[in-house]
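One letter stands for each residue in the lines below.
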Amino acid sequence: MSSLSESPSPSSSSPSQKPEVVHRRLDSLPVDTRQTSVLSTLLTPLLDESMAAYRAELTTASHEYRALTNMNNQAAAVYRAAAESAKTAADTVEQLVDAKTEALQELASGASIDEVDRQVGELEALCTRLETYLRQLETRVAKVSPPGMSLLL
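Residues take numbers from 1 onward in each chain, read along the sequence in its written order. Owing to the predicted nature of the model, reporting of local features is limited to residues with pLDDT of at least 70; listing and counting of side-chain atom pairs is limited to 80 or more, with chain, interface and lining totals taken over all residues. To obtain the side-chain values, all non-hydrogen atoms of the structure were included, while hydrogens and water were left out.

1. Focus: the overall build of the chain
Part 1 of the argument: Under the DSSP-based scheme used, a helix requires at least four consecutive residues in state H or I and a strand at least two consecutive residues in state E, with every element numbered from the N terminus. From N to C terminus, the chain includes two helices and two strands.
Part 2 of the argument: Ordered by position in the sequence, the α and β elements of the chain form the string β-β-α-α.
Part 3 of the argument: The buried label goes to any residue with under 20% of its type's maximum accessible area, the exposed label to any with over 50%, and the partly exposed label to all in between, with areas taken from a 1.4 Å probe on protein chains only. The burial tally for the chain puts 1% of its 153 residues in the buried class.
Part 4 of the argument: Per-residue and other accessible areas follow the Shrake-Rupley method at a 1.4 Å probe size, with only the shown protein chains counted as cover for residues. For the chain, the accessible area works out to roughly 14,100 Å², and carbon and sulfur atoms hold 62% of it.

Given below as structure tokens:
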């Protein structure tokens, strides 16, 4: 086989000069069909194996990316479901807070506190009247009953 570049012999170049490189074009080389056949025979299996190796690597990478895509899609679905649950919980809590706030505002309003205070005052007045009536009854019963007899058992 002939080389693609030829360099002059070392004795012809001086140490201060760079060696001269002569380039040849591939199409100017004589073609030997026997050498081409041998090269083809040797290189074809090598290229086929290289192609198979690259194809296997690319196929593996493609499968890995596909698996990662599926995992990402599943994770996204889980996060969407969690977000929906969180939104539902937040809405429910907001509704409960609104309802309780409304109920507390009704209780906290001055009119309802005054109303409760008025009703408590009326109840205390009624209790006082009942106690007074009870003492009067005890006095009447004590006057009517024989000495030494008690109503309390």
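So, next bit.
2. Thoughts on helix α1 (residues 33-108)
Part 1 of the argument: By this rule the span expected of a helix is its residue count minus one, scaled by 1.5 Å. A rise of 1.5 Å per residue sets the reference length of α1, with its 76 residues, at 112 Å; its end C-alpha atoms lie 107 Å apart and thus fit the reference within 8%.
Part 2 of the argument: The largest bend along α1 measures about 30° and falls at Leu43, with the proline Pro45 one to four residues further on. What is called the bend at a residue is the angle between a pair of axes, fitted to the seven residues leading up to and ending at it and to the seven starting from it.

3. Topic: the pattern of salt bridges
Part 1 of the argument: Any Lys or Arg side-chain nitrogen located within 4 Å of an Asp or Glu carboxyl oxygen qualifies as a salt bridge. Counted under the stated rule, the structure contains four salt bridges.
Part 2 of the argument: Glu122 is the partner of Arg118 in a salt bridge, and the nearest nitrogen-oxygen pair spans 2.3 Å. On the criterion of helical spacing, the pair formed by Arg118 and Glu122 is a turn pair, its members being four residues apart in helix α2 (residues 110-144).
Part 3 of the argument: For Arg118, a relative accessible area of 40% puts it in the partly exposed group.

4. Some remarks on a negative patch on the surface
Part 1 of the argument: Together, Glu94, Asp98, Glu102 and Glu106 line one region of the surface with negative charge.
Part 2 of the argument: With respect to the secondary-structure elements, Glu102 resides in helix α1. Exposure above 30% relative accessible area and the absence of a salt bridge qualify a residue for a patch, where like charges join within 9 Å and nonpolar side chains (Val, Leu, Ile, Met, Phe, Trp, Tyr) within 5 Å. For this count, His and the chain ends are skipped, Lys and Arg are scored as positive, and Asp and Glu as negative. The location of each charge is read from NZ of Lys, CZ of Arg, CG of Asp or CD of Glu.

5. Regarding a nonpolar patch on the surface
Part 1 of the argument: A surface patch of nonpolar side chains, about 560 Å² in accessible area, is lined by Val38, Leu39, Leu42, Leu43, Leu46 and Leu47.
Part 2 of the argument: Position of Leu42 relative to the elements: it lies in helix α1.

6. Some details on the confidence of the model for the chain
Part 1 of the argument: Across the chain, the average pLDDT comes to 81, with 74% of residues at 70 or higher.
Part 2 of the argument: A score between 0 and 100, pLDDT records how confident the predictor is in each residue. The weakest mean pLDDT in the chain belongs to strand β1 (residues 5-6) at 44; the strongest belongs to α1 at 90.
Part 3 of the argument: Every residue in residues 1-13 scores below 50 in pLDDT, and together they form 16 contacts with partners more than four places removed in sequence or on other chains. In this analysis, two residues are considered to be in contact whenever any of their non-hydrogen atoms come within 4.5 Å of each other.

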